[in-house]
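Coordinates in review
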Amino acid sequence: MAVSNTLASFFMPIGIIGAVLAVICAVVAGIALAAGAAGFFGGAVGVWIVAAMLSTAASFSSVWTPLIVSLAAMAVALVLGGIIHAVLLSTPTRMPAVETVEAEAATPVAKTRPVGVQTSSVPAVAS
């Protein structure tokens, strides 16, 4: 029983440190998801997995809050990152200035003639 209490006091700070790292990685993953940086997102999620596993160490002290916080942080980051990415994709691109369109309309366009590809026919050799 004394060993269990000693380990519980040792694993509690490890669990809290794991939860802090997991929240930081979740924020980075959310930003990477919103920016569309797939490699950066994958790296952040990979480190988050390790940090979330570290946060389970606090469960030896019967404290589940670090694990719940790390899981909730990633869930919020995925939802908000996905929404922000969708909003960024749906915004229209910058329209060209009116002067640019008028300048392009005023320049004469050279007439192009179609260029065909000439091929020679080779008679098939019967075997």
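For the structure itself, consult the block above.
Reference entry: report on the structure contained in this document.

Our next topic: the side chain of Ser55. Within the fold, Ser55 resides in helix 2 (residues 38-55). Every residue in contact with Ser55, bar those within four places of it in the chain, is listed here: Gly15, Gly18, Ala19, Pro66, Leu67 and Ser70.

Once that is clear, we can look at the side chain of Ser70. Mapped onto the secondary structure, Ser70 falls in helix 3 (residues 65-90). A distance of 3.3 Å separates the side chain of Ser70 from the side chain of Ser55, its partner in a polar contact. Those residues in contact with Ser70 that lie beyond four places of it in its chain are Ala19, Ala22, Trp48, Ala52 and Ser55.

Contact geometry of helix 1 (residues 2-35) with helix 3 gives a least axis separation of 7 Å together with a crossing angle of 10°. In terms of their interaxial angle, helix 1 and helix 3 are classed as roughly parallel. Residues Gly15, Ile16, Ala19, Ala22, Val23, Ala26, Ala29, Gly30, Leu33, Ala34 and Ala35 of helix 1 form the contact with helix 3, whose participating residues are Pro66, Val69, Ser70, Ala73, Met74, Ala77, Leu78, Gly81, Gly82, Ile84, His85 and Leu88. Among the residues forming the contact of helix 1 with helix 3, the class breakdown is 17 nonpolar, six polar and no charged.

On to a nonpolar patch on the surface, then. Residues Ile16, Ile17, Val20, Leu21, Ile24, Val50 and Leu54 make up a contiguous nonpolar surface patch of about 590 Å² in total accessible area. Residue assignment for the nonpolar patch shows that the elements contributing at least two residues are helix 1 and helix 2. Owing to a relative accessible area of 46%, Val20 belongs among the partly exposed residues under this scheme.

Another aspect to go through is the packing of helix 2 against helix 3. Between two packed helices, both the angle of their axes relative to each other and the distance between the axes serve to describe the pair. The contact between helix 2 and helix 3 brings their axes to 8 Å, and the two run at 160°. Viewed along their axes, helix 2 and helix 3 adopt a mutual orientation that is roughly antiparallel. Relative to helix 3, the crossing made by helix 2 is left-handed. Note on element contacts: helix 3 touches helix 2 through Pro66, Leu67, Ser70, Leu71, Met74 and Leu78, opposite Phe41, Val45, Trp48, Ala52 and Ser55. Each residue belonging to the contact of helix 2 with helix 3 can be placed in one class, and the counts come to nine nonpolar, two polar and no charged.

Within the fold, Ile49 resides in helix 2. For the pair Ile49 and Cys25, spaced 24 residues apart in the sequence, the C-alpha separation amounts to 9.1 Å.

Rules used in this analysis
Residues numbered from 1 in each chain as written. Predicted model: local features only at pLDDT ≥ 70, side-chain atom pairs only at ≥ 80, totals over all residues. Heavy atoms only, no water. Helix = DSSP H or I, 4+ residues; strand = E, 2+ residues; numbered from the N terminus. Contact = heavy atoms within 4.5 Å. Polar contact = N/O pair within 3.5 Å; in protein donor to acceptor, adjacent residues only side chain to side chain. Axes fitted to C-alpha atoms, helices over the stretch in contact; angles between N-to-C directions. Parallel < 35°, antiparallel > 145°, perpendicular 65-115°, else oblique. Nonpolar A, V, L, I, M, F, W, Y, C, P; charged D, E, K, R; others polar. Patch = residues over 30% accessible without salt bridge, like charges linked within 9 Å, V, L, I, M, F, W, Y side chains within 5 Å. Areas by Shrake-Rupley, 256 points an atom, 1.4 Å probe, with all protein chains shown as cover. Salt bridge = Lys/Arg side-chain N within 4 Å of Asp/Glu carboxyl O. Buried < 20%, exposed > 50% of the residue type's maximum accessible area, 1.4 Å probe, protein only. Left-handed = near helix turned anticlockwise from the far one by under 90°.

The analysis is restricted to geometry; functional conclusions fall outside its scope.
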